[in-house]
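Residues per chain are reported as follows:
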Amino acid sequence: MILAQCANTLLEMHIDRHDLYPFITIMPSGVGEITLREAQGWAYIHPAPPPQNSF
C-alpha cells in the first residue's frame, strides 16, 4: 500500500514536505495520479458527504 500526497496541495497549503512522515510518497499532481490509475483499471471511490436533514 502507498500513502501519497499531492505536491500541489503542499505548495498551496504552505506545508513543507519534510514535516510529513517519511513513508508518505509525494506525487506531483493528485488529480493526474488518479487519472493515470483509472487508465490502468483502478477505481476512484470518493466518499459522499453525509445527507443533510431537511426539517
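This section reports on the structure supplied with the text. None of these values were measured; they are calculated from a predicted model. (Residues numbered from 1 in each chain as written. Predicted model: local features only at pLDDT ≥ 70, side-chain atom pairs only at ≥ 80, totals over all residues. Heavy atoms only, no water.)

Here Asn8 shows up in helix H1 (residues 7-13). Of the residues examined, Asn8 reaches a relative accessible area of 44% and is grouped as partly exposed. A C-alpha to C-alpha distance of 7.8 Å links Asn8 and Gly30, two positions 22 residues apart in sequence. The residues touching Asn8, leaving out its near neighbours within four places in the chain, are Pro28 and Ser29. There is a polar contact of 3.3 Å between the side chain of Asn8 and the backbone oxygen of Pro28. (Helix = DSSP H or I, 4+ residues; strand = E, 2+ residues; numbered from the N terminus. Buried < 20%, exposed > 50% of the residue type's maximum accessible area, 1.4 Å probe, protein only. Contact = heavy atoms within 4.5 Å. Polar contact = N/O pair within 3.5 Å; in protein donor to acceptor, adjacent residues only side chain to side chain.)

As enumerated under the stated definition, the model contains one aromatic pair in all. Aromatic pair Tyr21 and Phe23: ring centres 5.4 Å apart, planes at 10°, arrangement stacked. Each member of the pair, Tyr21 as well as Phe23, is classed as exposed. One Lys or Arg, Arg37, reaches over the ring of Trp42 and ends 4.9 Å from the middle of that ring. (Phe/Tyr/Trp six-rings, centres within 6.5 Å; stacked < 30°, edge-to-face > 60°. Lys NZ or Arg CZ within 6 Å of the ring centre and 35° of its normal.)

Attention now goes to the pattern of salt bridges. For the structure shown, the criterion picks out one salt bridge. The shortest N-O distance in the salt bridge between Arg37 and Glu33 comes to 2.9 Å. Of this pair, Arg37 and Glu33 both sit in helix H2 (residues 30-39), four residues apart, which is roughly one turn of the helix. (Salt bridge = Lys/Arg side-chain N within 4 Å of Asp/Glu carboxyl O.)

From the geometry alone we can't say anything about function, so treat these as descriptive.
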